[in-house]
Amino acid sequence: MISAERIPNNVGLSSNKRLQRALEHWQPKYIQWWKDMGPQGFQDYHQVYVRTAVSVDPSGWAHFEYVKLPEYRWGIFLADPVHDRRIGFGDFMGNPVWQEVPGEFRNQLRRLVVTQGDTEPASVEQQRWLGQRCPSLYDLRNLFQVNVEEGRHLWAMVYLLHSYFGRDGRDEAEELLERQSGNRDKPRILDAFNEPIENWLDFFMFTMFTDRDGKSQLLSLSESSLDPLSRTTRFMLTEEAHHMFVGETGIARILERTCQLMKQAGFSGDVRALGGIDLDTLQKFINLWFSLSLDLHGNEVSTNAASYFANGLKGRAYEDKWDDHRVTEAMYELEMLAEGKLERRHIPMRTAMNEVLRDWYVGDCLAGVTRWNKILERHGFSDRLRLPDRKFNRGIGMYSSVHFDPHGHQLSDAEWTRRKHEWLPAPEDREYLLSIQAEPVYEPGKFANYIAPPQRGVKGQPVNFEYVRTEL
Ligand code: BYC
């Protein structure tokens, strides 16, 4: 039996019996899903040193302990309310925020909550085999930390569905456990969440680029006029920051090791001969995960996005930094693809809100890549990693009908087919990565050859701490 005491929460669960019963009904299905679709091979006796949110104040959400993963205490937390909060953008600007869902926006809000919720279990499913190939116990623990928090983010969205969307919401909460990443009949909603994450380079790129779309989307939802959605997503952002840390530092540590191996290889760049990951492969995985994550921001021109903004459902990242919050007159200059030709056109900014958020996202990614390049610079290499043009390898939006190279030059279908593996991972790149990750590293303080140790451990613990314990 689940009780308010057993689910850490700050939403007064024990005084809302209807909601408590609804979550009691959902909880065993969630645990079953976690056991079936969560980390494979780590469901029984492994104890993992993880952070569990027990309240929203800084000491409460940074509580560390060893837990068996299925016994993790998934909780429901909303950031503290803001006194007299007002709608900050769109047509209803200045009105008090909503504590209930207005009937006329119910479908749109449900769609946003379901789309957000769907990504969370999807990512756990995508990553479920990685524990079998981990580069260290430190990394294994970080993977599981990310996984349990994605599970908690699912709880956050299920809480909203159960609390504010009635019968439909309960049905949607069930379906969140029924769709499966990569399943042909019942796939996850957004494309990037159906891609397999089979090796640790995929994982680090995913947490760098795809979790950063999580940041974009959560920032824009945290502006929402629906106050419970805003408060839920504000707290989720604190956890999201750690996921991006895992991705950015994971790649930084691979790059550090690559630089060491490049020197050992006599500056030939042939680090594969020494079991490392070469710069070309790193670049291909950047190209892949950046472009997939650009797609997650939706179409460049979107009437959905315009109406989310007009109705105050979804704002821009850091809405208060903009001057004009109604955006009724402003235009946005976009590189449009019309009849196969690119030309710059001005369109109403409201319809370009997905693109505005994508701009913020690209800037945030660029800052991360610039930090990676400092590692190459420090080692004295002139090579640099870069983001591909945003038209490259798109599956959603107007650029998806034509092919572009990473510099944004248009290509014929034939040339794209001939050259795409110069820019995107080829089957042999994936085979190589699996070959160097064939054996997991489970010895405390040891690291796989292709990655450098972190500069420090977790929560003041040493790097060689036993972050995952096997206790039979
Ligand atoms: N894949 O008007 P548009 C995270 C569809 S990640 C497939 O642009 P909309 C996390 C769209 O469904 C953040 N289909 O659409 C990270 C629509 O189809 P229908 C997740 C796509 O809805 C790591 C049509 O195209 N959060 O948290 O305004 C680990 C029209 O397009 C895609 C959110 O996504 C796609 N990529 O914009 C764990 C926030 N893109 O219905 C977690 C909530 C578009 O016409 N979602 N379509 O057949 C939204 O804000 C919006 O739904 C989107 C798309 C920005 C995603």
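Up top is the structure these notes are about.
Residues numbered from 1 in each chain as written. Predicted model: local features only at pLDDT ≥ 70, side-chain atom pairs only at ≥ 80, totals over all residues. Heavy atoms only, no water.

Q: Could you give an account of the overall build of the protein chain, with specific residues and numbers?
A: Of the regular secondary structure elements, the protein chain holds 11 helices and 7 strands. Expected size for 472 residues packed as a compact globule is a radius of gyration near 23 Å; at 23 Å, the protein chain falls within 12% of this value. Considering only C-alpha atoms, the protein chain reaches an extent of 65 × 65 × 40 Å along its principal axes. Looking at the 472 residues of the protein chain, the share that counts as buried comes to 59%. Across the protein chain, every contact between residues at least 6 apart in sequence was considered, and the portion connecting residues at least 24 apart equals 72%. Carbon together with sulfur atoms contributes 48% to the accessible area of the protein chain, which is approximately 19700 Å² in total. (Helix = DSSP H or I, 4+ residues; strand = E, 2+ residues; numbered from the N terminus. Rg over C-alpha atoms; globule rule 2.2 N^0.38 Å. Buried < 20%, exposed > 50% of the residue type's maximum accessible area, 1.4 Å probe, protein only. Contact = heavy atoms within 4.5 Å. Areas by Shrake-Rupley, 256 points an atom, 1.4 Å probe, with all protein chains shown as cover.)

Q: Break down the nonpolar core for me, citing the residues and quoting the values.
A: By size, the foremost hydrophobic cluster in this structure holds 115 residues, and its most contacted members are Tyr30, Met205, Phe209 and Trp372. For this core, the element with the highest residue contribution is helix α3 (residues 137-164), accounting for 15 residues. With residues near it in sequence (within four places) discarded, Met205 still touches Thr210, Ile251, Leu282, Phe285, Ile286, Trp289 and Trp372. The next biggest cluster of nonpolar side chains, apart from the first, holds 17 residues, and it includes Val327, Leu334, Leu337 and Ala352. (Core = buried A, V, L, I, M, F, W, Y, C linked by side-chain atoms within 4.5 Å.)

Q: Quick rundown of the site of the ligand? Include the residues and the values.
A: The ligand sits among 29 residues. The nearest are Arg111, Gln116, Asn299, Ser302 and Lys314. Take Lys314: an N or O atom from its side chain is 2.5 Å from an oxygen atom of the ligand. Only α2 (106-126), α5 (200-221) and α8 (303-310) provide two or more residues apiece to the shell around the ligand. Here the shell around the ligand is composed, by residue class, of 8 nonpolar, 13 polar and 8 charged. (Near = heavy atom within 4 Å. Polar contact = N/O pair within 3.5 Å; in protein donor to acceptor, adjacent residues only side chain to side chain. Nonpolar A, V, L, I, M, F, W, Y, C, P; charged D, E, K, R; others polar.)

Q: Tell me about the pattern of salt bridges, residues and numbers included.
A: Evaluation of the coordinates by the stated rule reveals 37 salt bridges. Where Glu174 meets Lys29, a salt bridge forms, and the shortest distance between an N and an O atom there is 2.8 Å. Residue Glu174 is located in helix α4 (residues 166-176), and its partner Lys29 is located in helix α1 (residues 17-37); the two are separated by 145 residues in the primary sequence. Between Asp295 and Arg394 there is a salt bridge, with its nearest N and O atoms 2.6 Å apart. One end of the pair, Asp295, is in helix α7 (residues 279-295); the other, Arg394, is in the loop between α9 (353-378) and β5 (403-404), and 99 residues separate them in sequence. The exposure class of Asp295 is buried, given its relative accessible area of 10%. One salt-bridge network, held together by shared partners, links Asp118, Glu125, Glu175, Arg179 and Arg188. (Salt bridge = Lys/Arg side-chain N within 4 Å of Asp/Glu carboxyl O.)

Q: So what's going on with the packing of helix α6 (residues 227-264) against α9? Residues and values would help.
A: One way to put it is that α6 packs onto α9 with a least axis distance of 10 Å and a crossing angle of 20°. Relative to α9, the element α6 is oriented roughly parallel. For the pair α6 and α9, the sense of crossing is right-handed. Across from Glu248, Ile251, Ala252, Leu255, Glu256 and Cys259 in α6, the residues of α9 making contact are Gly368, Arg371, Trp372, Ile375, Leu376 and Arg378. Looking at side-chain class alone, the contact of α6 with α9 contains 7 nonpolar, 1 polar and 4 charged residues. (Axes fitted to C-alpha atoms, helices over the stretch in contact; angles between N-to-C directions. Parallel < 35°, antiparallel > 145°, perpendicular 65-115°, else oblique. Left-handed = near helix turned anticlockwise from the far one by under 90°.)

Q: Give me the lowdown on the pairing of strand β3 (residues 331-338), citing residues and values where you can.
A: As a general feature of sheets, a regular strand has side chains that alternate between the two faces. Relative to strand β4 (residues 341-348), β3 runs antiparallel, the two sharing 8 bridges. Bridge assignment links Leu334 to a residue of β4, and that residue is Arg345. Hairpin connection, β3 to β4: the antiparallel pair is bridged by 2 residues, and Glu339 has positive phi, about 50°. (Pairing = 2+ DSSP bridges.)

Structural measurements only, silent on function.
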